[in-house]
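Results of the structural survey
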Amino acid sequence: MKRELVERELTREGPRREQSSKSTAKGKRRSVTMNLAESPLSWLHSRGHISDRLYDAGERLRADYERAQLPANLTMRWDPVRIKTTGEQGLSSGEKQISAKRRFDEALRQAGKGLEDILWRVVCAGEGLPVAEKTLGWPARSGKLVLKLALDRVADYYRIN
């Protein structure tokens, strides 16, 4: 994964999003180096906030989201034309896409009503928890608990131990 490191001022609420000339109390400033290319899910996992099982479930969900080609396309698709050979006995690319879409929809359905929003925002769209909580109108710091519950149900769907 490509690293995109930036230095951010550290405040009581966490890293400041934009650079500011204001200093914290008593003129002391602390900073932290952040990797902007890191996904919110891998950030939570690397700091011990979610278990390996929940991380794997989130990655499987994101992989199905990508395989189903659900993200918006910004440009024309330039996929190479595949030539069918005798060694290719599996599903066609269209069948793989349909299968991934079915798995993605079933995993969200398994998570339950109301939990698909936080799953999609954090796992698929890559929104941070504070942004997702604010967008959904949830209290601060409630997203992690709800995300864990949703990922646990998704892990059950994917049969991850």
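First things first, this report covers the structure right here in the doc.

What counts and what doesn't
Residue positions are given per chain, counting from 1 as you read along its sequence in written order. In keeping with the predicted nature of the model, local features appear solely for residues at pLDDT of at least 70, side-chain atom pairs appear and are counted solely at 80 or more, and the whole-chain, interface and lining totals rest on all residues. Hydrogens are left out, water is left out, and the side-chain values use all remaining heavy atoms of the structure. Runs of H or I in DSSP of at least four residues are treated as helices and runs of E of at least two as strands, each being numbered from the N terminus. Think of it in three bands: residues with accessible area under 20% of the maximum for their type are buried, residues over 50% are exposed, and the middle band is partly exposed, with areas taken using a 1.4 Å probe on protein chains only. Contact between two residues is taken to exist if any of their heavy atoms lie within 4.5 Å; hydrogens are not considered. Note on method: axes are straight lines fitted to C-alpha atoms, helices fitted across the in-contact stretch only, with angles between N-to-C directions ranging 0 to 180 degrees. Angle categories are assigned with fixed cut-offs, so that under 35 degrees is roughly parallel, over 145 is roughly antiparallel, 65 to 115 is roughly perpendicular, and the rest are oblique. Each crossing gets its handedness from the near helix: less than a right angle anticlockwise from the far helix is left-handed, clockwise is right-handed. Amino acids outside the nonpolar list (Ala, Val, Leu, Ile, Met, Phe, Trp, Tyr, Cys, Pro) and the charged list (Asp, Glu, Lys, Arg) are all regarded as polar, and Gly is one of them. Basic side-chain nitrogens of Lys or Arg form a salt bridge, by our definition, when they fall within 4 Å of a carboxyl oxygen of Asp or Glu. Buried Ala, Val, Leu, Ile, Met, Phe, Trp, Tyr and Cys residues form a nonpolar core when they are joined through side-chain atoms within 4.5 Å.

What follows is about the overall build of the protein. Secondary structure assignment for the protein yields 6 helices and 3 strands. Beginning at the N terminus, the succession of helices and strands in the protein can be written as β-β-β-α-α-α-α-α-α. Taking all 161 residues of the protein together, 27% fall into the buried category. Sequence-distant contacts in the protein: of pairs separated by 6 or more residues, those separated by 24 or more amount to 61%.

A word on the packing of helix α2 (residues 52–67) against helix α3 (residues 93–111). Orientation of α2 relative to α3, taken along the N-to-C sense of each, is 140°, at an axis distance of 8 Å. As the angle between them shows, α2 and α3 are arranged oblique. As for how α2 packs across α3, the hand of that crossing is left-handed. Seen from α2, the contacting residues are L61, D64, Y65 and R67; seen from α3, they are Q97, A100, R103, F104, A107 and L108. For the contact of α2 with α3, the class distribution of residues is 6 nonpolar, 1 polar and 3 charged.

Moving on to helix α4 (residues 116–124). Since one α-helical turn is 3.6 residues long, residues separated by three or four positions face the same way. Those residues of α4 lying buried are I118, L119, R121, V122, V123 and C124. Contact partners of the buried residues in α4: α1 (40–46), α2, α3, α5 (129–136) and α6 (143–158).

On to the pattern of salt bridges. Inspection of every chain in the model, using the stated rule, returns 8 salt bridges. Residue D64 pairs with R103 through a salt bridge whose shortest N-O separation is 2.8 Å. Within this pair, whereas D64 is found in helix α2, its partner R103 is found in helix α3, the two being separated by 39 residues in sequence. Since its relative accessible area comes to 2%, D64 is described here as buried.

Its location among the elements puts S142 in the loop between α5 and α6. Linking S142 and P130, residues 12 residues apart in sequence, is a C-alpha distance of 9.2 Å.

All right, on to the nonpolar core then. Residues L61, L119, V123, L147, L151 and V154 are the most contacted members of the largest nonpolar core, which totals 26 residues. Mapped onto this core, the elements with two or more residues apiece are α1, α2, α3, α4, α5 and α6. With residues near it in sequence (within four places) discarded, V123 still touches L41, G58, L61, R62, I118 and L151.

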